[in-house]
Amino acid sequence: MNYLDNETKQPVSDAVEQTTTLSRTQIKDEKGNVIGYGTVSEDGHSYTLNNDWTIDKNGWVAQVSPDETAKGYKETPHFEDGKDASTVAADTPSVTDPQDVTVNVFYDHDTTPVTPDKPGHGLTHDDLNKDVTRTINYVDTTGAAVNGAPDGKSTYTQTAHFTRTAIVDKVNDKLLGYDINGDGSVDISPDAGDFAWKSTDANLPAVTSKAPSEVGYDSVDTPVVQATTVAYNSEPINVTVTYSKNAQQGSFQIHYIDEDNNNAILHQDTVSGKIGDSVTYSTADQIQLWESKGYVLDQDGYTTQTTVNEDNNGKTYIVSFKHGRKNGTTETLVPTETIHFQYADGTKAADDVHGNAGDFKFTRTPIIDTVTGQIVDPGTWNKESYTFDDGQKNVKVINGYVADKATMVTRLQLQLT
Ligand SMILES: [Ca+2]
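Quantities reported herein were computed from a predicted structural model and do not represent experimental measurements.

Moving on to the overall build of the chain. When helices and strands are tallied, the chain shows two helices and 34 strands. A buried classification covers 12% of the 417 residues belonging to the chain. Relative to all contacts within the chain whose residues are 6 or more apart in sequence, the contacts with residues 24 or more apart total 58%.

Structure below.
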């Protein structure tokens, strides 16, 4: 008996061999020539010819076919003609023409469902299970999380579960298809397996956002995220629900001040809008304007603001200037020497004699406030003192008088202020 896989025709288990013995008695004459086969009488004087064989032990016994279910085969094997081969019946060889007999017993592959809760037979969890999610995120206008979900959290996730049950060959784990009616047999071929996905929760119910007042806001853009139905191959859904507060006004100021005039405000601007509004403001134009009027920028305390917000609301930015300085017109002084001649009583004795400083000039340049135009520093003469080099002069002779100085060797200290 051969026990064969009905698909591959390969042995499932070892063959079983039964042997039965046949015998017959040969009859010879007195010279030893074979007369034939038969039976000799008890007294040995006569015989009966009969060529048939005699079978011992009644021939081949019934043989129960092995149980190969553990290997994935169906319980009941069959013969080539399809008939039940659970047992190969007892048999006897032909007594006239005995031959060896080969009996083939065929085992069909059994199948088994592989359910999504218990993957196996080469199928993974993901082969039989698929989840589609809808995630709702609750935020405010700045993107910060808000606990607006029904369960008081900031994220709410709904999941639809899709499953399918596969039917596989128990012997070789080959995928045969999918069972959709639960009877354990294939309804859908492997190629059409996408149609086998089923779900009991593909209808995602509506989700009501918490009232804005419950979570500290004034409004919400999506009071209810509507119900929807997803398919096994739907992409994950992401929904954002945004809470917001009523916009509040805010403003900030920019002061342009004169540090050389008790920080007097030269100019001020106010930038205002709703909190969160975008703004553009630059100090460049004002700085240019005041610089054109003689001011020099000391510090631009304004930092670029892109919105009116909680941080800059009510704030004042200071842009400070000092007065510029420039040189005024240079003064020139040519010093002169005058010698008076007089009598002791003070009356004039002769005309004055004038000396001079030659080519020397004294200069000074004042510093002017470029804002007020006023002199803030008269400047310093370019020489602290100078000695007249032509100060030696002969004193005029006047009859009857004696000069107190015969010669004037004069060292005049010119005090220039
Ligand atoms: Ca089925």
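Even without a glycine there, the phi angle at Asp173 is positive, about 65°. Within the secondary structure, Asp173 sits in the loop between β14 (165–169) and β15 (175–179). Unusually for a residue other than glycine, Asn263 sits at a positive phi of about 60°. Mapped onto the elements, Asn263 comes out in the loop between β22 (249–258) and β23 (264–274).

A word on the sheet that holds strand β13 (residues 155–163). Within the open sheet, the four strands sit side by side as β13-β12-β21-β18. Their pairing is mixed. Single-partner strands in this sheet number two, and they are β13 and β18 (219–220). Here strand β12 (residues 129–140) runs beside strand β21 (residues 237–244); their pairing, made up of seven bridges, is parallel. Following the sheet pairing, Asp140 is matched in β21 by Tyr243.

Spatially, β4-β5-β6 is the arrangement adopted by the three strands of the open sheet, whose pairing is antiparallel. The open sheet has two free edges, formed respectively by β4 (26–28) and β6 (47–49), since each of these has just one partner strand. Geometrically, the sheet is characterised by an average inter-axis angle of 65° between neighbouring strands, direction not taken into account. Of the strand pairs in this sheet, strand β5 (residues 34–40) and β6 are connected by three bridges, and their pairing is antiparallel. By the bridge assignment for β6, Thr39 is matched with Thr48.

Glancing now at the pairing of β15. Here four bridges tie β14 to β15, and the two strands are oriented antiparallel to one another. When the sheet's bridge partners are listed, Thr165 is paired in β15 with Asp179. Hairpin geometry of β14 and β15 is characterised by an intervening segment of five residues between the two adjacent antiparallel strands and by a positive phi of about 65° at Asp173.

All right, on to the confidence of the model for the chain then. Reading predicted coordinates in detail is not appropriate for stretches of low pLDDT. On average, residues of the chain score 88 in pLDDT, and 88% of them are at 70 or above. This stretch, residues 388–392, has a pLDDT under 50; its non-local contacts, to residues over four places away or in other chains, come to 16 contacts. Low confidence marks residues 407–417, where pLDDT is under 50. Its contacts with residues over four positions away, or in another chain, come to 23 contacts.

All right, on to the environment of Thr283 then. The residue Thr283 is located in the loop between β23 and α2 (284–292) in this model. Owing to 17 C-beta atoms within 10 Å, Thr283 belongs among the partly exposed residues under this scheme. Dropping the residues within four chain positions of it, Thr283 is found in contact with Ile254, Asp300, Tyr302 and Val319.

To continue, consider the environment of Phe362. Within the fold, Phe362 resides in strand β30 (residues 362–364). Exposure remark for Phe362: the 17 C-beta atoms within 10 Å place this residue in the partly exposed category. Between the C-alpha atom of Phe362 and that of Thr380, which follows or precedes it by 18 residues, the distance is 9.8 Å.

Moving on, we get to the environment of Asp14. Structurally, the position occupied by Asp14 is in the loop between β2 (11–13) and β3 (22–23). Among the residues examined, Asp14 registers 10 C-beta atoms within 10 Å and is labelled exposed. The spacing of Asp14 and Pro66 is 52 residues in sequence and 9.8 Å in space, taken between C-alpha atoms.

Cut-offs applied
- Residues numbered from 1 in each chain as written.
- Predicted model: local features only at pLDDT ≥ 70, side-chain atom pairs only at ≥ 80, totals over all residues.
- Helix = DSSP H or I, 4+ residues; strand = E, 2+ residues; numbered from the N terminus.
- Buried ≥ 20, exposed ≤ 12 C-beta atoms within 10 Å, placed from the backbone.
- Contact = placed C-beta atoms within 7 Å.
- Pairing = 2+ DSSP bridges.
- Axes fitted to C-alpha atoms, helices over the stretch in contact; angles between N-to-C directions.
- pLDDT = per-residue confidence, 0-100.

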